Amino acid sequence: MKEKRQPIKIVDILRDHWERFLQVYGEKIPEDMRESVIKAVEKAIKCGDPKYGYAEYICTNCNGKEKKKVAFTCKSRFCNRSGKFT
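## Structural notes on the environment of G64
One can find G64 in the loop between β1 (54-58) and β2 (67-71). Spatially, the C-alpha atoms of G64 and K4 are 36 Å apart, while their sequence positions differ by 60 residues. Filtering out sequence-adjacent residues up to four positions away, G64 remains in contact with I58 and C59.

Structural data, given as structure tokens:
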């Protein structure tokens, strides 16, 4: 029986390697773009993580017995999870 592999996500790569990438290659990012690039990547890393904010929905029909937390997304063009492509 074949083992089912977990798909790799870009956000996982960013979480695992962003700090090191920035140390090694950060100076190669054009200075006038560096701040916005760093902000975009850091936003994408935090995207969908409930520790950075979420909405909680509570069932009013069952007196709050069922609850669901939905993490906020970053809505950044850079993010492949929630990005807005226009």
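Next comes the rest of the write-up.
## Quick look at the state of the cysteines
Tallied over the entire structure, the rule returns zero disulfides. C62 provides the cysteine sulfur closest to C59, a residue in no disulfide bond, and the two sulfurs are 3.0 Å apart. We note that C74 lacks a disulfide partner, and the nearest cysteine sulfur, in C47, lies 3.8 Å from it.

## Here we look at the pattern of salt bridges
Counted according to the given criterion, the structure contains two salt bridges. Between D12 and R15 there is a salt bridge; the shortest N-O distance is 3.8 Å. With D12 and R15 both in helix α1 (residues 10-25) and three residues apart, the pair spans about one turn of that helix. For R15, a relative accessible area of 40% puts it in the partly exposed group.

## Remarks on α1
In this model, α1 (16 residues) spans only 18 Å end to end at C-alpha, well below the 22 Å of a helix rising 1.5 Å per residue. Along its length, α1 reaches its greatest deviation from straightness, about 60°, at H17. All of the buried residues in α1 are V11, L14 and W18. On the buried face of α1, the contacting elements are α2 (31-46).

Conventions adopted
Residues numbered from 1 in each chain as written. Predicted model: local features only at pLDDT ≥ 70, side-chain atom pairs only at ≥ 80, totals over all residues. Heavy atoms only, no water. Helix = DSSP H or I, 4+ residues; strand = E, 2+ residues; numbered from the N terminus. Contact = heavy atoms within 4.5 Å. Disulfide = S-S within 2.5 Å. Salt bridge = Lys/Arg side-chain N within 4 Å of Asp/Glu carboxyl O. Buried < 20%, exposed > 50% of the residue type's maximum accessible area, 1.4 Å probe, protein only. Expected span 1.5 Å × (residues − 1). Bend = angle between axes of the 7 residues up to and from the residue.

Note that every value here comes from positions in space, so none of it alone points to a role or purpose.
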